[in-house]
Amino acid sequence: MKKYLIAGLGNIGEKYYNTRHNIGFKIVDELAQKEGIVFKTEKLGDIAQFRFKGRLFILLKPSTYMNLSGKSVNYWLTKENISIENLLVICDDLNLGFGSIRLKGNGSNGGHNGLKDINDVLQTNNYARFRFGVGSEFSKGRQSDFVLGQWSEEEFKLLPERLEKSMELIKSYGTGGLNNTMNTCTQ
């Protein structure tokens with residue numbers, strides 16, 4: 001059975017729960033809820049898994065905090081014997097408007113410290129990343145406050161539809177492949 005590691009990036013702790021920076025956690029939480037599965041705290045992260053169309057999806061929420069995500073991702077790739085070609089990392093992106101989603105098979109960290117650490121630990125940037133746009137409506141020098149801030153009322157209303165699209169993308173990635181998913185599930 002093909003296995004996929006779906007790593008949703010975020011920060012642990014209640015104060016980060018509904019922040020823009022934790023969209024990776026939010027997406028895998030929603031997927032787990034939809035699949036009727038529960039996360040269990042394991043080494044270096046919370047893990048949940050489900051089967052879909054002959055694939056095993058292992059959802060990971062690293063407990064290492066955003067900027068040290070590489071250690072957790074590497075550990076679970078190794079522990080579960082998952083090829084880097086079957087890794088999907090989900091993170092926020094300030095360069096995309098709210099709710100925009102982008103899927104790429106490789107690329108730079110784009111200034112994202114979680115991706116930077118994963119690139120450093122894995123010693124490659126050749127893995128799939130799913131970027132969820134959080135917008136850039138912040139004053140100069142206030143980037144950190146913005147990503148660690150709560151969703152606006154308007155964003156919060158629109159979030160469920162975007163989360164649904166995100167869950168479709170994850171399943172498509174595992175069943176239809178990267179290129180097919182890039183062509184059919186992103187906008």
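Reference entry: report on the structure contained in this document. This is a predicted model, so every value here is computed, not measured.

Taken as a whole and judged by the stated rule, the model has 7 aromatic pairs. Arranged with centres 5.7 Å apart and planes meeting at 25°, the rings of tyrosine 4 and phenylalanine 57 form a pair that is stacked. With tyrosine 4 in strand 1 (residues 2-8) and phenylalanine 57 in strand 4 (residues 55-62), the pair connects residues that are 53 residues apart, well separated along the chain. Of the two residues, tyrosine 4 and phenylalanine 57, both sit in the buried class.

The mixed open sheet is built from 7 strands, whose spatial order is 2-3-4-1-5-7-6. Unpaired on one side and paired on the other, strand 2 (40-42) and strand 6 (101-104) mark the two borders of the sheet. In this sheet, adjacent strand axes meet at a mean angle of 25° when their direction is disregarded. In this sheet, strand 7 (residues 128-133) lies alongside strand 6 in antiparallel orientation, the contact comprising 4 bridges. Directly across from lysine 104, in strand 7, lies its bridge partner arginine 129. Each of strand 1, strand 3 (45-52), strand 4, strand 5 (87-93), strand 6 and strand 7 is contacted by helix 5 (residues 153-176), which is oriented at about 170° to strand 7, the strand it contacts most.

In contact at an axis separation of 7 Å, helix 2 (residues 69-79) and helix 3 (residues 113-122) are set at 50° when each is read in the N-to-C sense. It follows that helix 2 is oblique to helix 3 by the angle criterion. In this structure, helix 2 crosses over helix 3, and the sense of that crossing is right-handed. Counted together, Ser69, Gly70, Lys71, Val73, Asn74 and Leu77 of helix 2 and Gly114, Asp117, Ile118, Val121 and Leu122 of helix 3 form the full contact between these two elements. Of the residues in the contact of helix 2 with helix 3, the class split is 5 nonpolar, 4 polar and 2 charged.

Their axes nearest at 10 Å, the elements helix 1 (residues 23-35) and helix 5 cross at an angle of 75°. With respect to each other, helix 1 and helix 5 are oriented roughly perpendicular. Here Ile23, Lys26, Ile27, Glu30, Leu31, Lys34 and Glu35 of helix 1 come into contact with helix 5, specifically with Leu159, Leu163, Glu164, Ser166, Met167, Ile170 and Lys171. Across the contact of helix 1 with helix 5, the residue classes tally to 7 nonpolar, 1 polar and 6 charged.

Definitions and cut-offs
- Residues numbered from 1 in each chain as written.
- Predicted model: local features only at pLDDT ≥ 70, side-chain atom pairs only at ≥ 80, totals over all residues.
- Heavy atoms only, no water.
- Phe/Tyr/Trp six-rings, centres within 6.5 Å; stacked < 30°, edge-to-face > 60°.
- Helix = DSSP H or I, 4+ residues; strand = E, 2+ residues; numbered from the N terminus.
- Buried < 20%, exposed > 50% of the residue type's maximum accessible area, 1.4 Å probe, protein only.
- Pairing = 2+ DSSP bridges.
- Axes fitted to C-alpha atoms, helices over the stretch in contact; angles between N-to-C directions.
- Contact = heavy atoms within 4.5 Å.
- Parallel < 35°, antiparallel > 145°, perpendicular 65-115°, else oblique.
- Left-handed = near helix turned anticlockwise from the far one by under 90°.
- Nonpolar A, V, L, I, M, F, W, Y, C, P; charged D, E, K, R; others polar.

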